[in-house]
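One letter stands for each residue in the lines below.
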Amino acid sequence: MHNHNIDEVVYNSRMLNWSPLGKFILVIFLLVASLLADSLVVPIVVFVIGASLLFYSTNFKIPKIVGLALGGAALTIFVGCIVILFVTAGENMLFQGTFLGIGYSITDGGLRLATLVLVRSIAGMTVMLSFATSTPVPYLAHAMRQVHIPKELSELVILIYRYSFLLLEELHTMWTAASCRLGFHGLKNRFRTTSKIAVGLFIRSIDITDRAQIALQCRNFNGEFPSYRLPKNISAVWIAVPILSFILLYLLNICTRGWIIIGA
Amino acid sequence: MHIMEGYLPASWAALWYIIAMPIVAYGAIKLIKLLREKPELKITVALSGAFIFVLSALKLPSLVGGSSSHPTGTGLSSALYGPAITAVLSTIVLLFQALLLAHGGITSLGANVFSMGIAGPAVGYVVYKTMRKAKFGIAPSMFATAALADLVTYIVTSMQLALAFPADVGGFLASFVDYLGIFAAVQIPLAIIEGIIFAIFADYLMSVRPESFENCKIRLRRKKSAPESD
């Protein structure tokens, strides 16, 4: 179910025909530039680039699964930033108080770092999702082969991706069936049902292995999965664009230091 | 909980990559050698990776405030396949989680691989082997393996965060205690729950598919008997 959704999004992407390796290099350079920056402007610019690519890739329609992923991850980031806010040192104390008898303080340094990490993480998420919504996993495996990663590993990546969603569908079916039989009624039942679903899933996965093995052997499987529709290869432009973006972001970081001052 | 994208400073992100990658490379070499010798095992290994991915989608009941979390699944994998192969599988699974679910990140991948794919499984594997050698049953061994692999994963994650963000007063230690305290409220009950679930899992699996564990035993016996045959 999820697999069909994500595959549908990916294969309808307007960035599908861009070189997967080129896109991956661009993503890495943007993420590293954002990570190296101490100015808040750089992650904001990376966020704008990531969001623009994400909207362009998905044709201005954010699919439900991408929205859910963004929502869940944003919550985790927010909790983490609150921790940074309370533990980081600073020059000026902004707030001091007690909660449930435990003393805490917020400094300007903590607020600055928490804001920087928050913006950087959200920017990183949009950049990664723009890549994920435009690159099918078989294309990613092809990109891995282009950088001479052994074919055994790139094929394993494809297989894990395919089987993950196959098992997720099985899990969904088993979960619904167990819920219908009141399998999650009470804590003891929840434990028992969750364990049995995990075992059931493991046994199903072994059965799927057996069936897949027989089916592949019938088709003369010798351990290789050939690709007949290859994605575009990386060109000089795809090397130049990430490097240029990185240099521009680096210069932007130097020029915009102190533009946005938080907790002053 | 994985460390999110953009969370770790560049120097720490790079350091965890440097620490984790040789171990993953060693696992990859072992895995490639295995798959070249026996290409038919590719499907089984891939399904193990998929199983780790899916287990992380299993919502577990939590004793704290009606919240829920998910198992790491690496304890079971390290008991069945060993820590080196688990490190490679975890790397692939963490990459998918980062790209497809925005859970974790690419720059924080090294740190996440070290905590979830290397430290947790390695401790789990040692515990599993020691307990089985000491003639403990499969259920208590799996309980300890899954619970400790889970706990170690989160202790290492707390350590990684504390190293990156030391506290104003007390430095690394104070920050480590803060992060541990925050994780402990959810993670200690969760580790116990994961342990219970995998103990029931192992017990049930032994009754319906004993060969799953037998295969591991045979593999271990073969390793032991190899020097004698030489």
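Residues numbered from 1 in each chain as written. Chains lettered and ligands numbered in written order. Predicted model: local features only at pLDDT ≥ 70, side-chain atom pairs only at ≥ 80, totals over all residues. Heavy atoms only, no water.

J.: Mind laying out unusual backbone geometry, listing which residues take part and the relevant values?
T.: The residue A:Leu182 is not glycine, and still its phi comes out positive at about 55°. For A:Leu182, the position within the fold is in the loop between helix H7 (151-180) and helix H8 (187-218). We note that B:Lys135 has phi near 65°; this positive angle belongs to a residue other than glycine. (Helix = DSSP H or I, 4+ residues; strand = E, 2+ residues; numbered from the N terminus.)

J.: Residues and numbers for the interface of chain B and chain A, please.
T.: Where interface size is given, it is often the accessible area lost as the parts come together that is meant. Taken together, the contact between chain B and chain A spans 65 residues of the former and 71 residues of the latter. Here chain B meets chain A over a buried area of about 6000 Å², counting both sides, of which 82% is carbon and sulfur. The tally of links between chain B and chain A comes to 1 salt bridge. The partner of A:Glu152 in a salt bridge is B:Arg36, with the nearest N and O atoms 2.9 Å apart. For the pair chain B and chain A, the number of links is 3 residue pairs in polar contact (both at pLDDT 80 or more). (Contact = heavy atoms within 4.5 Å. Buried area = accessible area lost by both parts, 1.4 Å probe. Salt bridge = Lys/Arg side-chain N within 4 Å of Asp/Glu carboxyl O. Polar contact = N/O pair within 3.5 Å; in protein donor to acceptor, adjacent residues only side chain to side chain.)

J.: Tell me about the nonpolar core, and name the residues and values.
T.: Judged by nonpolar contacts, the single largest core of 126 residues is most densely connected at A:Leu156, A:Tyr163, B:Tyr7, B:Leu31, B:Phe96, B:Tyr179 and B:Phe201. Of all the elements, H7(A) adds the most residues to this core, at 13 residues. Residues from two domains meet in this core; each of domain 1 (1-135 + 234-264) and domain 2 (137-231) of chain A gives at least three. Excluding anything up to four places from it in sequence, A:Leu156 contacts B:Leu31, B:Lys42, B:Val45, B:Ala46, B:Leu89 and B:Ile92. (Core = buried A, V, L, I, M, F, W, Y, C linked by side-chain atoms within 4.5 Å. Buried < 20%, exposed > 50% of the residue type's maximum accessible area, 1.4 Å probe, protein only. Domains from an automatic or database assignment.)

J.: Any details on empty space enclosed by the protein? Residues and values, ideally.
T.: Within this structure, the stated rule accounts for 4 cavities of 30 Å³ or more. In this structure, the largest cavity spans a volume of roughly 90 Å³. Lining of the largest cavity is provided by 13 residues; of these, A:Ala132, A:Thr135, A:Pro136, A:Val137 and B:Leu100 occupy positions nearest its centre. Elements represented by at least two residues in the lining of the largest cavity include exactly helix H1 (2-11), helix H5 (108-132) and helix H6 (137-146) of chain A together with helix H4 (83-101) of chain B. (1 Å grid on protein atoms, 1.4 Å probe; cavity = no way out; pocket = protein on both sides within 12 Å on 5 of 7 lines; lining within 4 Å. Points joined across faces, edges and corners; volume = space filled by probe spheres on them.)

J.: Can you break down the packing of aromatic side chains residue by residue, with the values?
T.: All names here are of chain A. One pass over the structure, following the stated rule, counts 9 aromatic pairs over all chains. Measuring from ring centre to ring centre gives 5.8 Å for Trp18 and Trp238, while their planes differ by 50°; the resulting arrangement is tilted. On the criterion of sequence distance, the pair formed by Trp18 in the loop between H1 and helix H2 (20-36) and Trp238 in helix H9 (residues 236-255) is long-range, its members being 220 residues apart. The exposure class assigned to Trp18 is partly exposed, which follows from its relative accessible area of 29%. Through a chain of ring-to-ring contacts, the aromatic side chains of Trp18, Tyr56 and Trp238 assemble into a single cluster. (Phe/Tyr/Trp six-rings, centres within 6.5 Å; stacked < 30°, edge-to-face > 60°.)

J.: So, the domain arrangement of chain A: which residues are in play, and what are the values?
T.: Residues and elements named next belong to chain A. Segmenting chain A into domains produces domain 1 (1-135 + 234-264) and domain 2 (137-231). Its C-alpha centre places domain 1 at a distance of 30 Å from the equivalent point of domain 2. Contacts between the two partners involve 13 residues from domain 1 and, on the opposite side, 13 residues from domain 2. Buried surface at the junction of domain 1 and domain 2, both sides included, amounts to about 1100 Å², of which 62% is carbon and sulfur. Along the contact surface separating domain 1 from domain 2 lie 0 salt bridges. Along the contact surface separating domain 1 from domain 2 lie 0 residue pairs in polar contact (both at pLDDT 80 or more).

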